[in-house]
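# Summary of the model geometry
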Amino acid sequence: MSDDLNNLYRDILMEHYKFPRGRKKLEHADIHNEGQNPSCGDELEMELQLDGDKIKDIYVSCVGCAVSVASGSMLADTIKGKTLAEVKKIAAVIRGMLKGEDVPDNIDLGDLESLRGVKKFPVRIKCALLSWTTLIDALAAREQGAEIRTSTTE
Amino acid sequence: MKSHRQILEMSGGVPTVTSFKPERIKLDFPIFTRTVHGKPLIYLDSAATTQKPQVVLDTIEKYYSYQNANVHRGLHTLAEEATAAYEATRTKVAEFIGGVKPEEVIFTRNATEAINIVAQSWGEANVRHGDRIVITQMEHHANLVPWLMLSRKTGAKLKYIKITGDGLLDLSDIDEIIDSRTKIVALTQMSNVLGTINPVEEIIEIAHKKGAMVLIDGAQSVPHLPVDIKALHADFLAFSAHKMLGPTGIGILYGKQEFLEKMEPVTYGGEMISDVRFESVRWNTLPWKFEAGTPHIAGAAAFGAALQYLQNLGMDNIRRHELELTAYALERLAALDFIKVFGPTDPEKRGGAIAFADNDIHPHDLATFLDTLGIAVRAGHHCAQPLTKLLGVSSTTRASIYIYNTTDDIDHLADGLNEARKYFRYV
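All names here are of chain B. With an omega dihedral of 0 degrees, the bond running from Leu-286 to Pro-287 counts as a cis peptide bond. For Pro-287, the location among the structural elements is in the loop between β12 (281-283) and α11 (297-313). Positive phi, normally seen in glycine, also occurs at His-233, with a value near 60 degrees. With respect to the helices, strands and loops of the structure, His-233 is situated in the loop between α9 (229-232) and β9 (236-240). A residue is classified by how many C-beta atoms lie within 10 Å of it, and His-233, with 13 of them, is partly exposed. One non-glycine residue, Glu-271, lies in the positive phi region at around 75 degrees. Within the secondary structure layout, Glu-271 lies in the loop between α10 (257-262) and β11 (273-276). Residue class for Glu-271 comes out partly exposed when judged on the 18 C-beta atoms lying within 10 Å of it.

Below you can see the structure in the form of structure tokens.
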């Protein structure tokens, strides 16, 4: 198979797809948002529970392709326990990376490293972005005291 | 060694029935000389748009190189030639769909625009609060949204003919759905997702008995089946050139003269008027009343070449070829226990647009994988979101065939589906 394809569907990504994290519904949620890419049919639900300015727990449920599900699963893994400031920073880095920007040297991406292969497939970037945009929009709305119901990357 | 095209030219460009060989037809399409990811292109997305034969491409080039002028308004040679080429295709279309009058054939941008003209012009003048508009659950958005908007604007009720589990129209309560309040029934002759060929003749008869008009969305049927709109007695027919070897940006609205005469244009400008004063305007006669502005002249000329190409092959022969290939594809897919095919299992009841789902692999991952093998299929809801939801999935993968597809292409698809299982480690 082509190197590009192997770079897209890395083992780590497929592992997250088949066994996604953050699938346990929260008892109490402070932030709620949904993601939808209507032309794909991808649908995502996200809930965050805060403890001060930290993400105490997260629920992400995504119905979609391997890339969108895995990206959401990695998001859940990554942001749990982090402060809102840290989360915003990493979300911005991932969004930039998917759009072809360089990742700062001092950032440890962990499993998220495996999303690097997506940018070679322009039509699939929106899949990887869906969960991150849903998160970024939800945090921005909270800061502004605005209401939010859905986000999209289409 | 002579190319297929050279052989055809020697024989007057008319292939005989026995010469319907997709392998040879492929040679007329330059796109099949290219590779995708280093593999020969296997194009299985003709329901989205078909590839173009050299003769269509040549016609576009010839038009812009040697005939380019605006139509209907110049007194010079080029303008006459451009007008002749444009109008010749209109006449050809009129013959192609069963020998209707050329003035009943209107050039549009595509099937979508054709349907919108009817919904806006005829619809807003004739549909009232309390009336009914009837469509089916398997409509493309192009034949759903215009009617949804019309029902919102007028207060008419939009009713859907349901589909059965095997993807056929459920006609059990058709007499209740198409009732005396029904003003128009708009339905596809062939589903772009399920492939289903609908019994439009029967539905037209029922609708006419109740005093309702019928619009046929022929975007998928006209390219693949012999369609005799006169024999069907349909009131309107919409289809697009690009799904039948022609260029994008040009489509057809056929309408019975008696209705078109009474309809108001929806776009205003040059070409569609006969007399303009500072205070008043008189519309042009049919068909130009509906063709405001400079039309897609090169597109019309090239569409003429596409129609000629199809006629040379013969629409009956095309249907026979696709029937055989669809049967073969259904058989190959049925043998894969991890694949579920949507739509009728009987190839006689369907065309060659075949939507399916892998039990484990998402359609987008599957399409990306197949693409690396050079196989072009479509993944998504195919502009029929309500239908996709009804099928209980968020999206499907669709393989769709045309005159240039071979059993070899289907074998590649089946092999590709097997390989995908291995690649994504489901076996």
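There's more to say after this.
A few words now on the nonpolar core. Core analysis: the largest hydrophobic core is formed by 119 residues, its most contacted members being Ile-97, Val-185, Leu-215, Ala-238, Ile-252 and Ala-306 of chain B. For this core, the leading source of residues is α11 of chain B, giving 11 residues. Built from parts of two domains, this core gets at least three residues from each of domain 1 (4-49 + 315-423) and domain 2 (58-311) of chain B. Once residues lying within four places of it in the same chain are set aside, the contact partners of Ile-97 of chain B are Val-222, Val-227, Ile-229, Leu-237 and Tyr-254 of chain B. Formed by 36 residues, the second largest nonpolar core is a distinct cluster that contains Tyr-9, Leu-13, Ala-66 and Met-74 of chain A.

Moving on, we come to the interface of chain B and chain A. Counting residues at the interface gives 14 residues for chain B and 15 residues for chain A. In the side of chain B that touches chain A, the residues fall into 3 nonpolar, 10 polar and 1 charged.

Right, let's get into helix α3 (residues 66-79) of chain A. All names here are of chain A. Taking 1.5 Å of rise per residue, 14 residues should cover 20 Å, and α3 covers 20 Å from first to last C-alpha, within 8% of that figure. Of all 14 residues that make up α3, 13 are buried, and the element is covered over most of its length. Immediately beyond the C-terminal end of α3, within one or two residues, lies Gly-81, with a positive phi of roughly 90 degrees.

With that settled, the discussion passes to the sheet that holds strand β3 (residues 54-63) of chain A. The strands that make up a sheet are held in pairs by hydrogen bonds between backbone atoms, and each pair lies either parallel or antiparallel. Residue and element names in this part refer to chain A. Taken in spatial order, the 4 strands make up an open sheet running β3-β2-β1-β4, and their pairing is mixed. This sheet does not close on itself; its edge strands, each paired only once, are β3 and β4 (150-151). Pairing geometry for strand β1 (residues 31-37) and β4, over 2 bridges, is parallel. Of the residues in β4, the one forming a bridge with Glu-34 is Thr-150. The sheet contacts of α3 involve β2 (42-51) and β3, and relative to β3 the element is tilted by about 170 degrees.

The next point concerns the domain arrangement of chain B. Residues and elements named next belong to chain B. Domain boundaries in chain B define domain 1 (4-49 + 315-423) and domain 2 (58-311). Put simply, the middle of domain 1 and the middle of domain 2, counted by C-alpha atoms, are 27 Å apart. Domain 1 puts 25 residues into the contact, and the matching count from domain 2 is 24 residues. Broken down by secondary-structure element, the contributors of at least two residues to the side of domain 1 that touches domain 2 are α12 (315-334), β14 (353-358) and α14 (385-390).

Our next topic: helix α2 (residues 11-18) of chain A. Residues and elements named next belong to chain A. Of all the residues in α2, the buried ones are Leu-13, His-16 and Tyr-17. Down the axis of α2, the smallest arc covering the buried residues is 105 degrees, so these residues share one side. Among the structural elements, α3 are those in contact with the buried residues of α2.

On to the pairing of strand β7 (residues 182-188) of chain B, then. The two faces of a sheet get side chains in turn, since along a regular strand they alternate between them. Residues and elements named next belong to chain B. With 7 of 7 residues buried, β7 lies mostly within the body of the structure. Looking at chain direction, strand β5 (residues 132-136) and β7 are connected through 3 bridges and run parallel. Its bridge partner being in β7, Val-134 is matched across the sheet by Val-185. The pairing of β7 with strand β8 (residues 213-217) spans 5 bridges and is classified as parallel. Bridging across to β8, Thr-188 finds its partner in Asp-217. Following the backbone out of β7, through helix α8 (residues 200-209) and into the adjacent parallel β8, one traces a crossover that is right-handed.

Our next topic: the sheet that holds β14 of chain B. All names here are of chain B. The strand order β13-β14-β17-β16 describes an open sheet built from 4 strands, whose pairing is antiparallel. What marks the edges here is a single partner per strand, and that holds for β13 (339-341) and β16 (378-380). Neighbour-to-neighbour, the strand axes of this sheet turn through a mean angle of 30 degrees, independent of strand direction. Sheet topology places β16 next to strand β17 (residues 396-400); 3 bridges connect them, and they run antiparallel. The residue of β17 that forms the bridge with Ala-379 is Thr-397. Across the face of the sheet, helix α13 (residues 363-372) comes into contact with β14, β16 and β17 while running at roughly 160 degrees to β16.

Cut-offs applied
- Residues numbered from 1 in each chain as written.
- Chains lettered and ligands numbered in written order.
- Predicted model: local features only at pLDDT ≥ 70, side-chain atom pairs only at ≥ 80, totals over all residues.
- Helix = DSSP H or I, 4+ residues; strand = E, 2+ residues; numbered from the N terminus.
- Buried ≥ 20, exposed ≤ 12 C-beta atoms within 10 Å, placed from the backbone.
- Core = buried A, V, L, I, M, F, W, Y, C linked by C-beta atoms within 7 Å.
- Domains from an automatic or database assignment.
- Contact = placed C-beta atoms within 7 Å.
- Nonpolar A, V, L, I, M, F, W, Y, C, P; charged D, E, K, R; others polar.
- Expected span 1.5 Å × (residues − 1).
- Pairing = 2+ DSSP bridges.
- Axes fitted to C-alpha atoms, helices over the stretch in contact; angles between N-to-C directions.
- Arc of directions from axis to C-beta.
- Right-handed = clockwise from strand over helix to strand, strands pointing away.

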